Amino acid sequence: MRPLDNAEVAQRSGVAASTLRFYEEKGLIASAGRRGLRRLFAPGVLERLAFIALGQSAGFSLEEIALMFAPDGQPRIDRKMLTAKAGELDRTISRLSAMRDSLRHAAACPAPSHMECPNFRRHLQSAGEAKHRPKRNAKARP
């Protein structure tokens, strides 16, 4: 199959040309040469871009995604990292489900005022406590 120029890759993948340049700078993809001002990519770049998109959808950072490729460009996926991410997603789903349930209750609550509803007040207190609770596995930021 013939090489694809950056415009073709952008059109076929839905990834902006500026993002392709950024991914190339980060070492996530590599061009195979140039045709005039256009960078050329092997057709396999489309699959690699799909892999990157899948990783981002799952919540992996670009740095984590880069670690999922061996030096030869083939996927090298750390199963422990996948398991850890699945656990993070489980915690996020649980937190979001509780938030959804609280919102539904608040919307349908028969109390004359939300502040008179014991369930709403309990959710309010939990939200305040969670806001001040340190996050697990929080990375230090400069």
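Keep in mind that this is a model prediction, so the values were computed, not measured. (Residues numbered from 1 in each chain as written. Predicted model: local features only at pLDDT ≥ 70, side-chain atom pairs only at ≥ 80, totals over all residues. Heavy atoms only, no water.)

Once that is clear, we can look at the overall build of the protein chain. Within the protein chain, the regular secondary structure consists of 6 helices and 3 strands. A compact globule built from 142 residues would reach a C-alpha radius of gyration of about 14 Å, whereas the protein chain, at 23 Å, exceeds it by more than 25%. Principal-axis analysis of the C-alpha atoms gives the protein chain an extent of 70 × 30 × 30 Å. Looking at the protein chain residue by residue over its 142 residues, the buried ones come to 23%. (Helix = DSSP H or I, 4+ residues; strand = E, 2+ residues; numbered from the N terminus. Rg over C-alpha atoms; globule rule 2.2 N^0.38 Å. Buried < 20%, exposed > 50% of the residue type's maximum accessible area, 1.4 Å probe, protein only.)

Ranked by internal contacts, the top residues of the largest apolar core, which has 19 residues, are V9, L20, Y23, I29, L49, I52 and I65. For this core, the secondary structure elements donating two or more residues are α1 (6-13), α2 (17-26), α3 (45-57) and α4 (62-66). With 4 residues, the single largest contributor to this core is α3. Setting aside residues no more than four positions away along its own chain, I29 makes contact with L20, Y23, E24, F41, V45, R48, L49 and I52. (Core = buried A, V, L, I, M, F, W, Y, C linked by side-chain atoms within 4.5 Å. Contact = heavy atoms within 4.5 Å.)

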